[in-house]
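Fold and contact review
Listed below are the residues making up each chain.
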Amino acid sequence: MSNSEILALEIKARIESVIGQIDDPVPLHRPSFEGKEWDYVKDCLDSGWVSSVGTYVDRFEQELAAYCGVKRAISVVNGTSALQVCLILAGVRSGDEVLVPALSFIASANAVSYLGAVPHFVDSDLNSLGIDVRALEGYLSKIAEITEDGCFNRNTGRRIAALMPMHTFGHPCDMDGLAIISEKWGIPIVEDAAEALGSKYKDNHVGCFGVAAALSFNGNKIITTGGGGAILTNDERLADKAKHLTTTAKIPHKWEFDHDQVGYNYRMPNINAALGCAQLEMMPDFLRRKRALARRYAEAFSDMEGCTFFSESSDRESNYWINALILDNHGEVELDEILNFLNKNNIMARKAWKILSNVGCYQEMPSMKNRNAKILSNSIINIPSSQCLF
Ligand SMILES: *Cc1c(COP(=O)(O)O)cnc(C)c1O
């Protein structure tokens, strides 16, 4: 047997010691509908309010804001559109650059591109899986300069208009460190909190650290609305702007149609918000089960050689959306061989993303060298994480 096969067998045995013997394929993450989902969705159908008008949208926004401890939440059609609008709120314009982690889902970069802006990829911290604060500070000292009109990239001449930390798999990044960078260089923060509903950094929910933050309620996230997302902000004026922009920029009137700018049809339909209200009621229970499952995995892998279970650091509380193993000696074992073995044995494990600076359409974008992001991309194994497993 090869080293990879030995490791794969051992990983399978330890996963089974946590989730029981595996007969049918175990997905990475599947949604749970154990609350009032049927009642609320049926209510929409019975009343006819399934689309862009209805009471569940307001209710979902209020309950979501309260849950996250922010002043306002604006629900939208998906997490990518939420990110796009957050960037607009932060003042990003066509031709600007936005600092985006190289290790992220493609949506982070796409949201920047939709505005005609340019994603500029930055490296990860091996300890948080988020942006590497020290490396970023060193990098900006080399390439950036502060002028009256903001922070500029000396190499490209473009303005660096926002910094987009992403909380990988629900693990909060070093927000204090990023706040210092944001302050020093005058670059506003927009959080990609798509994976991190319920996660906390030093007792505060993520999503409240920057100008605005984006959440996703896609089918594979910790709660789902089918498809959906939300913009979080503590700034009432920006919240009103977000609501206006995402509802076609219509000037309120009983019968006149007038719009004061090019807006977007990004509003979350009522039927999706109904699902969201029911899912949000389950959050405390989901979080408890996610964290308990992670604790079991952490124990099961604690004495394992060759890989490490990724755990939260002491000042942070992760929602453990998707659990991750990190191979100790990547390169010496074949990640693909391990994944092949696990998937053949009904464990639907997968890699983290290919780093964005290597994805075809983004290869020519400005970028750090992303040494750590490459290591993580070649050594992370995501393992089954559904709340129903606990
Ligand atoms: C899921 C996700 C998004 C986008 O969410 P959608 O709702 O699928 O558009 C953005 N960023 C990250 C990191 C995500 O995981």
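Please refer to the structure higher up on the page.
Bear in mind that the values here come from a model prediction, so they are computed numbers and not experimental data. Along each chain, numbering runs from 1 in the same order as the chain's sequence is written. Thresholds applied to this predicted model are a pLDDT of at least 70 for local features of residues and 80 or more for the giving and counting of side-chain atom pairs; totals over whole chains, interfaces and linings are not thresholded and use all residues. Processing note: side-chain calculations cover all non-hydrogen atoms of the structure and skip hydrogens and water entirely.

Next up on the list: helix α4 (residues 79-89). Taken across its 11 residues, α4 has 11 buried, putting it largely inside the fold. Taken together, the buried positions of α4 are Gly79, Thr80, Ser81, Ala82, Leu83, Gln84, Val85, Cys86, Leu87, Ile88 and Leu89. We define a polar contact as two N or O atoms separated by no more than 3.5 Å, with the added condition that, inside protein, one atom must be a possible hydrogen donor and the other a possible acceptor, whereas residues neighbouring each other in sequence contribute only through side-chain atom pairs. A run of DSSP states H or I qualifies as a helix once it reaches four residues; a run of E qualifies as a strand once it reaches two. Both are numbered from the N-terminal end. Of the residues flanking the start of α4, the one acting as N-cap is Asn78, its side-chain oxygen 3.2 Å from the backbone nitrogen of Thr80. Two residues or fewer past α4, Gly91 is found with a positive phi of approximately 90 degrees. The classification of residues rests on relative accessible area computed with a 1.4 Å probe and restricted to protein chains. Under 20% of the type maximum is buried, over 50% is exposed, and intermediate values are partly exposed.

In this section: the sheet that holds strand β7 (residues 190-192). Here we have four strands laid out as an open sheet, ordered β1-β11-β10-β7, and mixed in their pairing. Each edge of the sheet is formed by a strand with only one pairing partner; in this case those strands are β1 (72-76) and β7. Strand-to-strand twist of the sheet, defined as the mean angle between neighbouring strand axes without regard to direction, takes the value 20 degrees. Think of it this way: DSSP has to see at least two bridges between two strands before they count as a pair. Where strand β10 (residues 212-216) lies against strand β11 (residues 229-233), four bridges are found, and the strand directions are antiparallel. From the neighbouring strand, Ala213 faces β11, where its bridge partner is Leu232. By the convention used here, residues are in contact when the closest approach between their heavy atoms is within 4.5 Å. Angles shown run from 0 to 180 degrees and are taken between the N-to-C directions of axes, each axis being a line fitted to C-alpha atoms and, for helices, limited to the stretch in contact. Against the sheet, helix α8 (residues 236-246) contacts β1 and β11, and its axis sits at roughly 15 degrees relative to β1.

So, about empty space enclosed by the protein. A pocket here means an open set of points on a 1 Å grid, computed over the protein atoms alone, that has protein on both sides within 12 Å along at least five of seven lines. A cavity is instead a set of points where a 1.4 Å probe fits but cannot get out; residues with an atom within 4 Å of a point line either one. Grid points are joined across faces, edges and corners, and a volume is the space filled by probe spheres set on the points. Tallied over the entire structure, the rule returns one cavity of 30 Å³ or more. A volume near 50 Å³ is recorded for the largest cavity. Taken together, Asn127, Ser128, His171, Pro172, Phe310, Ser311, Glu312, Ser313 and Arg316 make up the lining of the largest cavity.

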